[in-house]
Structure formats: C-alpha cells, structure tokens
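Here is what each chain is made of, one letter per residue.
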Amino acid sequence: MKKLFIYSLFAIAISSCKKNPEKIIGLISDKAMVVSAREEASKIGVQILEKGGNAFDAMAATELALAVAYPYAGNIGGGGFMVYRKNNGEIGALDYREKAPLSAHKNMYLDSLGNVIKNKSTLGATAVGVPGTVAGVFASHKKFGSLPIEEIMQPVIDLAKRGVIVTQKQEDRIKKYQHYFLQANKDSILFDKAWKKGDTIKYNALAETLTRIQQNGRDEFYKGKTAKKLASFLQTNGGYVTEEDLAKFEAKWRTPITFQYDDLRVISMSPPSSGGICLAQIMNAIEPFDLDKLGHNTTKSIQVITEAERRAYADRSHFLGDPDFVKIPMKELISKTYSNDRMKSFSFEVPTKSSEVSHGNIQMVESDETTHYSIVDQFGNAVSVTTTINGAYGSKLYCSELGFFLNNEMDDFSSKPGVPNMFGLIGAEANEIEPEKRMLSSMTPTIVEKNDKLWMVVGTPGGSTIITSVLQTILNVHEHKMGMQEAINQPRFHHQWLPDVIKMEPNGFQQEVKNELQQLGYTLDETNSPVIGKVEGILVLPNGKLEGGADPRGDDKAAGF
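Named according to an unreviewed UniProt entry, the protein chain is Glutathione hydrolase proenzyme originating from Tenacibaculum holothuriorum. Of the protein chain, the UniProt comment under Sequence similarities (unreviewed entry) reads exactly: "Belongs to the gamma-glutamyltransferase family." Here the protein chain is described in UniProt, under the heading Subunit (unreviewed entry), as follows: "This enzyme consists of two polypeptide chains, which are synthesized in precursor form from a single polypeptide."

Printed below as a string of structure tokens:
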C-alpha cells in the first residue's frame, strides 16, 4: 500500500510537470465569431452579426458593450486601436488613442523644483487625456458599417438599463480599487457600494448618455450636451480637458505594420503603438532558429525568445512615439537585417546582460488594465481591437451624471525623462508631453494571414506584456501546432530588457527548465506576474470553421454562430 501511495505521488508530480496541459478546444462556429472580456459584450457583437451586420458593425457594438459590462477597462472615456482585414485582402488600421489637451506642456506634472508631483498624472481629473473611443467607433462605422448606428447601439443601451451581473473577479476588482474612488471623487459614486458576486449593477446614467449619442451621433460626445457636461465636470475637478479639446479630436487612419515570418504575413498596429514594430523585431530575430525543434517552453526556446525580446524592448521607447510629432526609423527597425545584427551577440552559453544592450537608460513597464476583442464575420472580414483607459478604472474619476470613468492616459507620456511613472516607466524625449500629441502604447491588435488567406485574429491586454503575449500565442499555434484555446491556455513568460528578469506565470513551467535558466545566469520572477495578458483569439481552421479562444485568466468569453 505504501509503495502504491509513493507511486501515486510520483505520478501526480510527473503529470503536474507536463509541458502541455490536456488539449482543450475552444468554441467552434461555422460562420462568425466574437471573443471579448465579457460574455455580454461578445453576445451583443454576435447579435449584430446575426442581423446581417459586418465585423465593423460588431466592432461598434462590442466596444460600447464593454463600456457597460467591463468598466474596469472597457470605456467611452478612453481610446484604442483597430487593425482590420477585409474579405478582399484590403488591410488598414484606425488610431483613436487619446490626445494631450491643448494646455498640456512637458513640465505640467512637475513642481517648482522640477520633481514629479505624486498622483497628478495618475489620479483624478489632472490625469485625463482627451477621450477617443466614441470618435473611433463612429469613424470605423462611417467608413465600413452596414447597419444603422441606432440599431447597433440599441442592445447596448438595453444592457445598461437591464444591468450586468457582478462576477467574483469583478467583486474583487471593485473592492481592491474602492479606496482610490474615494480619493479621486468629491461625491459618492455608483462603485462605492459593497457590490457582491451575483448582484446586478444598472448603468442608468450611461444608458442616457448612450441614448443621446444614438440620437445625435458622434458630435454629441465632442460638441453637444454631453461634451459640455464632460468638459464642465473635468474643469470643476481641476482637469485640463476643455470643450475646445473635445471639439478638435479626430480619430486617424494609419497604415499597419506588416512583415513576413516563415509562411505567415503578420499585420499589426503602427505607432503611436509600439506593438507592431516591437513584434516585428522579435519575430525577425527568432525566425532563423528552429523553435519547433527546440520545443515548447524548453530552456533553449525560452532563451531565444528572451534574448530577442531584450533587444527589441531596448529599442522600443528610444525610437518610438506619436509619428505626427516624432520621426521614426520604421523601415530600418523592422528589417530582418537589423534584427539579425542585433542577435549576433546572442549565445546559448550565457545571457546577454541588459546593461550591455544599447539605450540602457529607458525602462519600460506600463499599465496592464486594458481590454481586447477579436471579430471575424460571416463575410470573411476581420477586426482586432485593443482599447483602454490605462490604469484599472482609469483615473478612478467617475462622472456620475454621464455614467463612466475617465482615463489616466496622460501618465503614459514621459512626465519627466529619466523619472519612472506609476508603472515604473522611465520615458524618453520621443514620448514627452506636447499639446494634441498621442501617448506611446504597447497595444498590439494583430491579424495573421497564411497563404494569403485570413488565418488568425489575436490581441490582449497586459501593458508591456501585450507584445510578448501576442507573440507566444502566434508561436504556440504556428510552431507547436496548437489550437487557439490550447495556445492561449499555455503559461507565458516575459522579458522587457529592464528590469533584467524573466517574468513567469507561477506554477506553469517545469522546475528543470527553471533550474537550467538560473544556472545559466538568468534571474526569474514568478512573484509579481500571476497573469501575463488575457488573450482573445480566433483561428480559421483547415475546414473553414472558426475556433475562438477566450482567456481563462479572466471572465472572457467567445460567442459565435
């Protein structure tokens, strides 16, 4: 009996160290799919598709539904990026990232001695950039939408009035951030209550705001009654955003970053997101290595990816910012020659020290409270969208009359070059504050083609880990032949040059691999990285059906038909 017991423990230990958990297949649908951070939003997106709407109609519905169902990161008080691929192969990108207000200047968060004023760029009205989400929704719909916006918005308004059931994760999040709500708001707000799992939160004020936008269009938010109320609220609370700032805001169409990796064509977001360029640099650097032969999450494959990430992140902030303000050597950065040259100093025998990699004065860490959704419609169009209010519940400032949180996106600028922001980011001059400038981001909404056909739609929240989470998901499917859900479920790791550590999800990696990495001289950190990204992906299967992968790390859900 004792021998059997010892054998059982040994079997459990061996099974817990398996490289891949049991193969899990995500939701399979025949025609269309939406994957987002909340089931309510995914279902509303699919509802629009079932009415005959296309991916861009579903984008509008899903984006606005997340503002209701997922106020932690979903928003109309923030901004985001969309990458799209139409069924005829046409690609493009939409930038509706927030902007600095007209009164902004590079020293606005410094005191008379030149020191950063604590919380001024993170908490309350002074942290708020000009919101872009409503402009993004309407710009996308105007160019590509097929259903009337009134019809698209109605189920979102109905959801706000009906209310959203609190999940355990939402209960925990509200409880965690409530003390900040008290600091940022003069009066009590909807989220001050001790909400519990199973409660229903009704968003009546937000329903009224959305109804005005439904009736009066985009300009309601930027020039109408809502704009006046919002500007007055922010000014009363000491903020910088004015009616003029709102009236001047425009979303901007951009050319996405594209590059080849093996037989894949990767289409990702261009600046002011660093995502596409950084992803290209990393994938170019690892392409010459046979990752499939090195194996999934083995010591050598982790080494190759880590060293590629180290070099890409060292370049990231030094060169990147808003392309309307900063000249970016884009062609050079994403060339295979450049990445191959950067990897010449790599050796399997010893890690490269980050202090030896150029541009050693810029440290990159940023908010991971963002959200992503992926959509493929029944016509073969695809959109990949990442949206954010920056920190959890943004600036924590909630406009009760209008019913939504405002972003704290101004903290994504360099408040002072060389001084870290709330997420440890030490910024460069390329990302210094200027009026009407868009702040640098890591958001990486991505679409992948295989043999000139749509193959994958993917993206994630996760701040500086966004890029590496998207990377590993693509590699898991392409190099290691996983399905979408299986690829998303895998434990993830991350290196961002500084601090010089490999962040790892706890209990996800073989002890033998961790020991070998440490013996080689790598520093591992499993303590502060319980979640690296929450990926939402869609994979086009060989038979033409779609597999939706929703990250089990959140309340995320796929829906389709």
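## So, the overall build of the protein chain
Of the regular secondary structure elements, the protein chain holds 18 helices and 21 strands. Against the globule reference of 24 Å for 561 residues, the protein chain gives a C-alpha radius of gyration of 23 Å, in line with a compact fold. When its C-alpha atoms are laid out on the principal axes, the protein chain stretches across 70 × 60 × 55 Å. Within the span of the protein chain, comprising 561 residues, buried residues form 62% of the whole. Total accessible area on the protein chain stands at roughly 20,800 Å², and carbon and sulfur atoms take up 52% of it. Charged side chains in the protein chain number 64 positive and 67 negative. The centres of these two groups are separated by 2 Å.

## A short note on unusual backbone geometry
In the segment running from Pro271 into Pro272, the intervening peptide bond is cis, with an omega of 20°. That bond from Leu498 to Pro499 is cis: its omega, -5°, falls within 30 degrees of zero. Note on placement: Pro499 falls in the loop between strand E16 (493–494) and strand E17 (502–504). We note that Lys396 has phi near 70°; this positive angle belongs to a residue other than glycine. Residue placement: Lys396 occurs in the loop between strand E11 (382–388) and strand E12 (398–399). The backbone of Asn451 shows a phi angle near 55°, a positive value even though the residue is not glycine. With respect to the helices, strands and loops of the structure, Asn451 is situated in the loop between strand E14 (446–450) and strand E15 (453–459). In this structure Asn451 comes out as exposed when scored by relative accessible area, which is 56%.

## Some details on the UniProt feature "active site" (unreviewed entry) in the protein chain
As annotated in UniProt, the feature "active site" (unreviewed entry) corresponds to Thr370 in the numbering used here. Inspection of the secondary structure assignment puts Thr370 in strand E10 (residues 370–376). Apart from residues no more than four positions distant in its own chain, Thr370 is found in contact with Ala73, Thr386, Thr387, Thr388, Met443 and Pro461. Only 3.1 Å separates the side chain of Thr370 from the side chain of Thr388, close enough to count as a polar contact.

## Focus: the side chain of Asp315
Within the secondary structure, Asp315 sits in helix H13 (residues 299–319). Residue Asp315 is classed as buried on the basis of its relative accessible area, which comes to 1%.

## Considerations on the UniProt feature "binding site: L-glutamate" (unreviewed entry) in the protein chain
The positions UniProt marks with the feature "binding site: L-glutamate" (unreviewed entry) are Arg97, Thr388, Ile389, Asn390, Asp412, Ser441, Ser442 and Gly463. As for the second largest cavity, its lining draws on Ile389 from among the annotated residues. Inspection of the secondary structure assignment puts Thr388 in strand E11. For Thr388, a relative accessible area of 2% gives the class buried. If near-sequence neighbours (up to four positions away) are discounted, Thr388 is found in contact with Ala73, Asn75, Gly78, Gly79, Arg97, Glu98, Glu369, Thr370, Glu409 and Met443.

## Quick look at the domain arrangement of the protein chain
Split into domains, the protein chain comes out as domain 1 (41–80 + 91–254 + 394–428) and domain 2 (257–366 + 444–560). Here the C-alpha centroids of domain 1 and domain 2 sit 28 Å apart.

## A look at the packing of aromatic side chains
Taken as a whole, this structure holds 26 aromatic pairs when the rule is applied. Pairwise contacts between aromatic rings join Tyr70, Tyr72, Tyr177, Tyr180, Phe181, Phe191, Tyr203, Tyr393, Tyr398 and Phe405 into one cluster. Here Arg173 stacks its cationic end above the ring of Tyr72, 4.7 Å away from the centre of that ring.

## Points about helix H7 (residues 204–216)
Owing to its 3.6 residues per turn, the α-helix aligns residues three or four sequence positions apart on the same side. For H7, which comprises 13 residues, the first-to-last C-alpha distance of 18 Å matches the rise-based estimate of 18 Å (1.5 Å per residue) to within 8%. Within H7, burial applies to Leu206, Ala207, Thr209, Leu210, Arg212, Ile213 and Gln214. Buried residues in H7 make contact with helix H3 (55–69), helix H4 (133–144), helix H5 (149–162), helix H8 (219–222), helix H9 (225–236) and strand E13 (404–405). Within two residues after H7, Gly217 carries a phi angle of roughly 85°, on the positive side.

## Some details on the sheet that holds E16
Neighbouring strands of a sheet are bound in pairs by backbone hydrogen bonds; such pairs are parallel or else antiparallel. Within the open sheet, the three strands sit side by side as E16-E17-E18. Their pairing is mixed. This sheet does not close on itself; its edge strands, each paired only once, are E16 and strand E18 (524–525). Relative to E18, E17 is paired through two bridges, and the arrangement is parallel. Opposite Lys503, over in E18, you have Asp525 as the bridge partner.

## Structural notes on the confidence of the model for the protein chain
Chain-level statistics for the protein chain give a pLDDT mean of 91 and a share of 91% at 70 or above. In the model, residues 1–21 has pLDDT below 50 throughout and makes nine contacts with residues more than four positions away in sequence or in other chains. Confidence drops under pLDDT 50 across residues 360–365; counting only partners more than four residues distant or on other chains, this segment forms 28 contacts.

## Some words on the side chain of Ser442
Counting through the fold element by element, Ser442 comes out in the loop between E13 and E14. Given a relative accessible area of 1%, Ser442 falls into the buried group. In this structure the side chain of Ser442 is engaged in a polar contact, spanning 2.4 Å, whose partner is the side chain of Arg316.

Reading the values: rules and limits
Residues numbered from 1 in each chain as written. Predicted model: local features only at pLDDT ≥ 70, side-chain atom pairs only at ≥ 80, totals over all residues. Heavy atoms only, no water. UniProt positions renumbered as here; feature names shortened; annotations may be inferred. Helix = DSSP H or I, 4+ residues; strand = E, 2+ residues; numbered from the N terminus. Rg over C-alpha atoms; globule rule 2.2 N^0.38 Å. Buried < 20%, exposed > 50% of the residue type's maximum accessible area, 1.4 Å probe, protein only. Areas by Shrake-Rupley, 256 points an atom, 1.4 Å probe, with all protein chains shown as cover. Lys, Arg positive; Asp, Glu negative; His and termini not counted. Charge placed at Lys NZ, Arg CZ, Asp CG, Glu CD. Contact = heavy atoms within 4.5 Å. Polar contact = N/O pair within 3.5 Å; in protein donor to acceptor, adjacent residues only side chain to side chain. 1 Å grid on protein atoms, 1.4 Å probe; cavity = no way out; pocket = protein on both sides within 12 Å on 5 of 7 lines; lining within 4 Å. Domains from an automatic or database assignment. Phe/Tyr/Trp six-rings, centres within 6.5 Å; stacked < 30°, edge-to-face > 60°. Lys NZ or Arg CZ within 6 Å of the ring centre and 35° of its normal. Expected span 1.5 Å × (residues − 1). Pairing = 2+ DSSP bridges. pLDDT = per-residue confidence, 0-100.

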